Amino acid sequence: MKQLFLFIGLIFITACSKNNSDENCKFLVNAAVNVTVNMNLPQYNQLQFTSNSVYIANQGNKGVIVINVGNGYRAWDAADPNHEQQPCSLLTITGANAVCGCVDANKYSLFTGGSVGTQLPCGLKEYRVTVSGNSLHITN
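Below you will find a few notes about this structure.

Cut-offs used in this document
Residues numbered from 1 in each chain as written. Predicted model: local features only at pLDDT ≥ 70, side-chain atom pairs only at ≥ 80, totals over all residues. Heavy atoms only, no water. Helix = DSSP H or I, 4+ residues; strand = E, 2+ residues; numbered from the N terminus. Buried < 20%, exposed > 50% of the residue type's maximum accessible area, 1.4 Å probe, protein only. Contact = heavy atoms within 4.5 Å. Areas by Shrake-Rupley, 256 points an atom, 1.4 Å probe, with all protein chains shown as cover. Pairing = 2+ DSSP bridges. Axes fitted to C-alpha atoms, helices over the stretch in contact; angles between N-to-C directions. Disulfide = S-S within 2.5 Å.

## Some details on the overall build of the protein
Okay, step 1: On a plain count of helices and strands, the protein comes out with two helices and nine strands.
Okay, step 2: Mapped from its N terminus to its C terminus, the protein presents α and β elements in the order α-α-β-β-β-β-β-β-β-β-β.
Okay, step 3: Here the protein, with 140 residues, has 34% of them falling under the buried criterion.
Okay, step 4: Counting contacts in the protein only where the partners sit at least 6 residues apart, residues at least 24 apart contribute 46% of the total.
Okay, step 5: Total accessible area computed for the protein in this model is approximately 8400 Å², and 55% of it derives from carbon and sulfur atoms.

Next comes the structure, spelled out in structure tokens:
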């Protein structure tokens, strides 16, 4: 009887696997993000319209991309989370997507943060956006 319980316990222990998604998403650091965006300024006023996005340098790993998703705003780190950080891993805005400049050319939706086309283990790193009048406060 002890052997039966031992066997069943062993099956449960080996059947449960550890979630490796965090281990695969190890290329980005928790860099500080704390920026206020005044949408009355010319460089940010396009954020007042759905599907428009802007890039903000010197925040996070390689900057921050902010998009108006219609019912609010989302902010993403502008570094490709699926490979080592290199000069080419800066994401560029292409319509409602962000594309990596490296050979892999990973593509991400700025609406969801998920990969577009090829299934990738890591989605974009998201930051908190708080709206106050015509200003956005982006933090982590």
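## Brief notes about the environment of Asn 106
Okay, step 1: Mapped onto the elements, Asn 106 comes out in the loop between β6 (97-100) and β7 (107-109).
Okay, step 2: What Asn 106 contacts, discounting residues up to four positions off in sequence, is Asp 80, Asn 82, His 83, Ala 98, Val 99, Cys 100 and Leu 120.

## With respect to the side chain of Thr 139
Okay, step 1: By the element assignment, Thr 139 lies in strand β9 (residues 135-139).
Okay, step 2: Taking relative accessible area as the criterion, Thr 139 reaches 13% and is therefore assigned buried.

## Describing the sheet that holds strand β5 (residues 91-94)
Okay, step 1: If you trace the three strands from one edge of the open sheet to the other, you get β5-β6-β7, paired in antiparallel fashion. The open sheet terminates on both sides in strands that have one partner only, identified here as β5 and β7. Neighbour to neighbour, the strand axes of the sheet diverge by 30° on average, direction disregarded.

## Focus: the state of the cysteines
Okay, step 1: The tally for this structure, following the rule as stated, stands at two disulfides.
Okay, step 2: At a sulfur-sulfur separation of 2.1 Å, the disulfide partner of Cys 25 is Cys 122. Since a negative S-S torsion denotes a left-handed disulfide, the Cys 25-Cys 122 link at about -110° is left-handed. Within this pair, whereas Cys 25 is found in the loop between α2 (21-24) and β1 (34-38), its partner Cys 122 is found in the loop between β7 and β8 (126-132), the two being separated by 97 residues in sequence.
Okay, step 3: The partner cysteine of Cys 88 in its disulfide is Cys 102, sulfur to sulfur 1.9 Å. A torsion of 90° about the S-S bond marks the disulfide between Cys 88 and Cys 102 as right-handed. Residue Cys 88 is found in the loop between β4 (73-77) and β5, and its partner Cys 102 is found in the loop between β6 and β7; the two are separated by 14 residues along the sequence.
Okay, step 4: Given the relative accessible area of 11%, Cys 102 is considered buried.

## Regarding the side chain of Ser 53
Okay, step 1: Here Ser 53 shows up in strand β2 (residues 53-56).
Okay, step 2: Ser 53 gets classed as buried once you look at its relative accessible area, which sits at 12%.
Okay, step 3: Once residues within four sequence positions are removed from consideration, Ser 53 is found in contact with Gln 46, Leu 47, Ile 65, Val 66, Ile 67, Ile 93, Gly 95 and Leu 110.

## Some thoughts on the sheet that holds β9
Okay, step 1: The six strands lie next to each other as β1-β9-β8-β4-β3-β2, forming an open sheet whose pairing is antiparallel. In this open sheet, the two strands that pair with only one neighbour each are β1 and β2. Taken over all neighbouring pairs, the strand axes of this sheet differ in orientation by 25° on average, direction set aside.
Okay, step 2: One ladder, built from five bridges, connects strand β3 (residues 64-68) with β4; its direction is antiparallel. Bridging across to β4, Val 66 finds its partner in Ala 75.

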